[in-house]
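Observations on chain architecture
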Amino acid sequence: MVKRLFIVTVLLSLVVLSACSAGGNKTANESNDSRGITDETINIGLLVDLTGPYQAAGTQMEVGVKAYFDYINKNGGINGRQLKLFTEDNGANPATTATAINKLVFNDEIFALAGVQGSAAFAGAYDFIDENKVPTFSLGFSSVNHIPHRPMIFSSAVPYSLQGSRVINYIAKELDISNPQIGVLYQDDDFGIDFLNGAKEEAKALGVEIIAEEAFPRGAEDISSQVANLQRQGVEQVFVAGIYTTAGQFMKEANKIGYDPLVIGTGPSRGDPFFDIAGNTGEGYLLVDYFAPLDDPGLDEINKIVSEFAPGETLNNNMMFGLVNGITLVEILKAVGDDITPETFITQAESMSNIDMKGLMSNLTFSPDRHYGLTETRVFESNIPNKSWTQVSEPKAPDTTDINQIGK
């Protein structure tokens, strides 16, 4: 009798355990093996420089992502799930990034990355991201993010090479300079060479010539010899493929030697320090960038979000990076629905078109063979008295829009 009672008790226990395991307490992580997804939450990671050489940008990128996630959470989350942001300081350093991304994936169990800052740091994480199926949005826009095709990596921006292409397109087509004498001053690393390659491809497509190329090392404090060489070679339109530091240095040095070419750079030179470095010599400096002007009326909704969810902060270019990645992630996750896995996320992302970027830039479109969402840039001119940038050309794509063809 006792033995029979024991057997019945065990069987009843098994039935109860089975019922519990099939009941409402089961999380999405248990049901579909998706790391970082539960019935209530979605874990998202962010790797930015909070203490290193690019901390001014990194801290604002984090502000942008966090503000947008807080806004989404207050308004119901992602199909009822709340977004949880886990930020790690990577110092834009490959070694620090390796440690930080391990923590985010294995300790914090993130589902996706809203950004990785630093081109070299990001490149060192490619294999890890693929092996562990971490959908990732970059905070840098080198072609190596997409060549060869990387299934887990997306970019909510215009690759550097296509920004370089747009510079040449603007000089030759929009300014309608019939016989341009173009020279390129570029940072001698993957960052600068990406811009240079895009410029060369567009020049070839339009039948114009780049007559001079001058390289400078990253962080160079003296580019006087390169500026003098461009002047000596008769360059009349200079493409500065560097950050705001180099752009400001060029304008000062050119003014010093009486050199007055048309000068145009790219998005990374749209930093406020340009005005401090160049001073009054920065008058007339042009650049291509994909973000809208900060005073654009179309940014009213975004400004309200920043005001409520990042009190004390004012919208700026670096914050825009974070906001853009946050918006893109949110829209894809909403479209995926309840069954969120790396596979369903990637499939959905690759079918997204005309994603509303709330006025921050042109809307995004992805495809299975194109994980960068935008090819259009605008042209801005420096406004020295106001230390601001005035848009002088509407968003437009260059003739070259496929980065896989550049250099072929």
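Here we summarise the structure given alongside this text. (Residues numbered from 1 in each chain as written. Predicted model: local features only at pLDDT ≥ 70, side-chain atom pairs only at ≥ 80, totals over all residues. Heavy atoms only, no water.)

So, about the overall build of the protein. A tally of helices and strands in the protein yields 14 helices and 12 strands. Across its three principal directions, the C-alpha atoms of the protein cover 105 × 45 × 35 Å. Evaluated residue by residue, the protein yields a buried proportion of 52% over its 408 residues. The long-range share in the protein, meaning contacts at least 24 apart out of those at least 6 apart in sequence, stands at 68%. In the structure as shown, the protein presents an accessible area of about 17,400 Å², 50% of it carried by carbon and sulfur atoms. Side chains of the protein give 28 positive and 52 negative charges; the mean places of these two sets differ by 6 Å. (Helix = DSSP H or I, 4+ residues; strand = E, 2+ residues; numbered from the N terminus. Buried < 20%, exposed > 50% of the residue type's maximum accessible area, 1.4 Å probe, protein only. Contact = heavy atoms within 4.5 Å. Areas by Shrake-Rupley, 256 points an atom, 1.4 Å probe, with all protein chains shown as cover. Lys, Arg positive; Asp, Glu negative; His and termini not counted. Charge placed at Lys NZ, Arg CZ, Asp CG, Glu CD.)

This part covers the packing of aromatic side chains. Under the criterion given, the structure shown has 23 aromatic pairs. Geometrically, the ring pair formed by Tyr 285 and Trp 389 is edge-to-face, given 6.2 Å between the ring centres and 65° between the ring planes. Here Tyr 285, found in the loop between α11 (273-278) and β10 (286-289), pairs with Trp 389, found in strand β12 (residues 388-396); they are 104 residues apart in sequence, far enough to count as distant. Three or more aromatic residues joined by ring pairs form one cluster here, namely Phe 141, Tyr 160, Phe 191, Phe 195, Phe 239, Tyr 290, Phe 291 and Phe 321. Its guanidinium or amino end placed over the ring of Phe 380, Arg 270 lies 4.3 Å from that ring's centre, counting from NZ or CZ. (Phe/Tyr/Trp six-rings, centres within 6.5 Å; stacked < 30°, edge-to-face > 60°. Lys NZ or Arg CZ within 6 Å of the ring centre and 35° of its normal.)

Core analysis: the largest hydrophobic core is formed by 99 residues, its most contacted members being Leu 83, Tyr 290 and Phe 345. Considering every element that reaches this core, the biggest residue donor is helix α13 (residues 317-336), with 11 residues. Filtering out sequence-adjacent residues up to four positions away, Tyr 290 remains in contact with Phe 141, Ala 157, Val 158, Gln 163, Phe 321, Leu 360, Met 361, Leu 374, Glu 376, Thr 377 and Arg 378. Membership of the second largest hydrophobic core comes to 24 residues, among which are Leu 185, Val 240, Ala 254 and Val 263. (Core = buried A, V, L, I, M, F, W, Y, C linked by side-chain atoms within 4.5 Å.)

The next thing to look at is the environment of Ala 397. Position of Ala 397 relative to the elements: it lies in the segment after β12. For Ala 397, a relative accessible area of 25% translates into the label partly exposed. For the pair Ala 397 and Thr 96, spaced 301 residues apart in sequence, the C-alpha separation works out to 36 Å. Residue contacts for Ala 397: discarding those within four places in its chain leaves Thr 375 and Glu 376.

Our focus in this paragraph is helix α8 (residues 190-206). Over its 17 residues, α8 extends 24 Å from the first C-alpha to the last, a length consistent with the 24 Å expected when each residue adds 1.5 Å. Burial in α8 covers these residues: Phe 191, Gly 192, Asp 194, Phe 195, Leu 196, Gly 198, Ala 199, Glu 201, Glu 202 and Ala 203. Contacts from the buried residues of α8 go to α7 (160-174), β6 (182-187), β7 (210-216), β8 (237-241) and β9 (262-266). Of the residues flanking the end of α8, it is Gly 207, one or two places downstream, whose phi is positive at about 75°. (Expected span 1.5 Å × (residues − 1).)

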